[in-house]
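Okay, here's what each chain looks like letter by letter:
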Amino acid sequence: MKYSELYKLLKKSVHYDDDKLTPIDTLDVYNYTFHSNSYHIIPGEDEYRCSVHDFSVKAPDENSWKSDYTILDVVDSHVKENAEFRFHIFTPKDSKPARDVILLLHGFNEKNWIKYYPWAYNLMMATGKTVVLFPMTFHMNRALPEWSNPRLMTELYNARKQEFPDIIGSSFVNVAISTRINVKPQRFIWSGMLTYYDVIQFVEEVKQGKYACIASDARFDFFAYSIGGLLAQTLMLTNKNDYFHDSKMALFCSGSVFSRLTPVCKVIMDSETEQMLYRYIIGYLDTFRAKDHWLGHFLSEQHPEGYNFLSLLNYNKLMDYREQLFAKAHDRIYAIALKQDYIIPYYEVINTLQGRMRDIPVKVDVDDFPYPYKHEDPFPLKESICDAVELAFQTTFKKLSDFLK
Ligand SMILES: [Zn+2]
């Protein structure tokens, strides 16, 4: 089936309502409900406790981070949609419990999976593996529906433009996430950390036999797009309990450390938020880690996952440490970067994955397509270029799935 037909068909027929769907005669989609055990680590609690280290701390004063918009000022750790949510598993039709699973991780500020359905289906068909579409904290169906409501968000967008007349890249699509991260930039880090623990919980639930369509001894690979790469890298390089010792990671428009991204655009984040995140993460994170004892505890060597995530934030910090992690896993990582991707530039993907001396032999292909495309929309659905898009989509996913086979 052609990419454009597949896109339309899956967009129309995949949903969360039933526990099992068969949208095409080659595909079963299972929907499960996930209950996060770790949601209480994120902002909103009065007191925090890490049971691993018997470490307790009172919450810092949270009053300073109100946005003035009640619709956004939710108590993060109390958001039900984030703590309990539905997610999709794509499996070849009528297959036995899967022994091989690809965890598909998405981009920043994504509200639905539609773009990824044909990607997941293609990966599944080409590799024969089962694909799990796992949503990040406060993304997809883990965000409040109001944050995607065009009317409500347009009101907020107008107010934000008045507050910051010179703002760039603001839109009703990114105003919720931009405003929330602007007032509390550590939300960016907590979103990554909580999703890390949720994925580990999912892997452990698989091992306990909780998912009938996946075998309890299944192994896991990663397909990550855009910011999802930071999460896939943290998971694979940390290799908790050896869960990912033989995992492979395919990165598409992804792979650079955070400080080398150029994320300002209408679908991702606005310029005020980018500046705040850079100030927080690149400028003064060491100071904030020392002041915020809870965050500091997780971004320390006591928690290898947090320390590895930290090493992926700022290019100029922990360079030797980060590069030895990539060197160790080099033959299990493959990236396709796009020449005209200005959000995650290809040379920054190379800078991170191959290291500053280009002495880490991670394979990175820099591809280009003969039609106008963007980071956030590499395969546009336009009638006039549909043949070129079809070829680009099939060629790209053939290379990614050959690696993941
Ligand atoms: Zn701890």
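Data block above holds the structure.
J.: Can you lay out helix 14 (residues 386–404) for me, pointing to particular residues and giving the numbers?
T.: Taking 1.5 Å per residue as the helical rise, helix 14 with its 19 residues ought to reach 27 Å, and the 26 Å between its terminal C-alpha atoms agrees with that figure. Regarding helix 14, the residues found buried are V389, A392, F393, T396, F397, L400, S401 and L404. One face of helix 14 carries all of its buried residues, which in axial projection span an arc of 145°. Exposed positions of helix 14 whose direction lies more than 90 degrees from the buried face are D387, K398 and D402.

J.: How would you explain the environment of T154 if you had to name every residue and give the values?
T.: On the secondary structure map, T154 appears in helix 4 (residues 150–163). Residue classification places T154 among the partly exposed residues on the basis of 13 C-beta atoms within 10 Å. Each C-alpha atom, one on T154 and one on L251, is 34 Å from the other, the two residues being 97 residues apart in sequence.

J.: Describe the sheet that holds strand 8 (residues 214–225), listing the residues and the values that go with them.
T.: Spatially, the nine strands line up as an open sheet ordered 1-2-5-7-6-8-9-10-11, and their pairing is mixed. Both edges of this open sheet fall to strand 1 (20–24) and strand 11 (363–367), since each of them pairs with a single strand only. Mean inter-strand twist for the sheet, computed between neighbouring axes without regard to direction, equals 25°. Strand direction decides the pairing type here: strand 10 (residues 333–338) and strand 11, joined by five bridges, are parallel. Looking at strand 11, one finds that L338 is bridged to D367. Most of the contacts of helix 13 (residues 346–353) go to strand 10, to which it runs at about 160°, and overall it touches strand 10 and strand 11.

J.: Mind laying out the pairing of strand 7 (residues 130–133), listing which residues take part and the relevant values?
T.: By the alternation rule, side chains of strand 7 split into T130 and V132 and V131 and L133, which are all buried. Sheet topology note: the strand 5 (residues 84–92)/strand 7 ladder contains three bridges and is antiparallel. Paired with F90 across the two strands is V131, which belongs to strand 7. For strand 6 (residues 98–105) and strand 7, the ladder comprises four bridges, and the chain directions are parallel. Its bridge partner lying in strand 7, L104 is registered against L133. Since strand 6 and strand 7 lie parallel, the crossover through helix 3 (residues 117–127) that links them has a hand, and here it is right-handed.

J.: Describe the pairing of strand 10, and please don't skip the residues or the numbers.
T.: With six of six residues buried, strand 10 lies mostly within the body of the structure. Where strand 9 (residues 249–252) meets strand 10, four bridges bridge the pair, whose relative direction is parallel. Across the sheet, residue A250 finds its bridge partner in strand 10, namely Y334. Since strand 10 and strand 11 lie parallel, the crossover through helix 13 that links them has a hand, and here it is right-handed.

J.: Please set out unusual backbone geometry residue by residue, giving values where relevant.
T.: For N109, which is not a glycine, the phi torsion comes out positive at approximately 65°. Under the C-beta neighbour-count criterion, N109 is labelled buried, with 25 such atoms within 10 Å.

J.: Tell me what's going on with the environment of N316, and back it up with residues and numbers.
T.: Turning to its location among the elements, N316 is positioned in the loop between helix 11 (304–311) and helix 12 (319–328). Owing to 9 C-beta atoms within 10 Å, N316 belongs among the exposed residues under this scheme. Distance from N316 to Q233, taken between C-alpha atoms, is 18 Å for residues 83 residues apart in sequence.

J.: If you had to explain the packing of helix 4 against helix 5 (residues 175–183) to someone new, which residues and values would you point to?
T.: Axis separation between helix 4 and helix 5 bottoms out at 9 Å; the angle between their running directions is 50°. One element, helix 4, and the other, helix 5, form an angle in the oblique class. Every residue of helix 5 that contacts helix 4 at M153, L156, Y157 and R160 is listed here: V175, A176 and T179. Here the contact of helix 4 with helix 5 is composed, by residue class, of five nonpolar, one polar and one charged.

J.: Break down the packing of helix 5 against helix 8 (residues 271–283) for me, with residues and values.
T.: Running from N to C, helix 5 and helix 8 point in directions that differ by 35°, and their axes come no closer than 9 Å. Taken as a pair, helix 5 and helix 8 cross one another with a handedness that is left-handed. Judged by residue contacts, S178, I181 and N182 of helix 5 engage E272, T273, M276 and L277 from helix 8. Residues that form the contact of helix 5 with helix 8 fall into these classes: three nonpolar, three polar and one charged.

Rules behind the numbers
- Residues numbered from 1 in each chain as written.
- Predicted model: local features only at pLDDT ≥ 70, side-chain atom pairs only at ≥ 80, totals over all residues.
- Helix = DSSP H or I, 4+ residues; strand = E, 2+ residues; numbered from the N terminus.
- Expected span 1.5 Å × (residues − 1).
- Buried ≥ 20, exposed ≤ 12 C-beta atoms within 10 Å, placed from the backbone.
- Arc of directions from axis to C-beta.
- Pairing = 2+ DSSP bridges.
- Axes fitted to C-alpha atoms, helices over the stretch in contact; angles between N-to-C directions.
- Contact = placed C-beta atoms within 7 Å.
- Right-handed = clockwise from strand over helix to strand, strands pointing away.
- Parallel < 35°, antiparallel > 145°, perpendicular 65-115°, else oblique.
- Nonpolar A, V, L, I, M, F, W, Y, C, P; charged D, E, K, R; others polar.
- Left-handed = near helix turned anticlockwise from the far one by under 90°.

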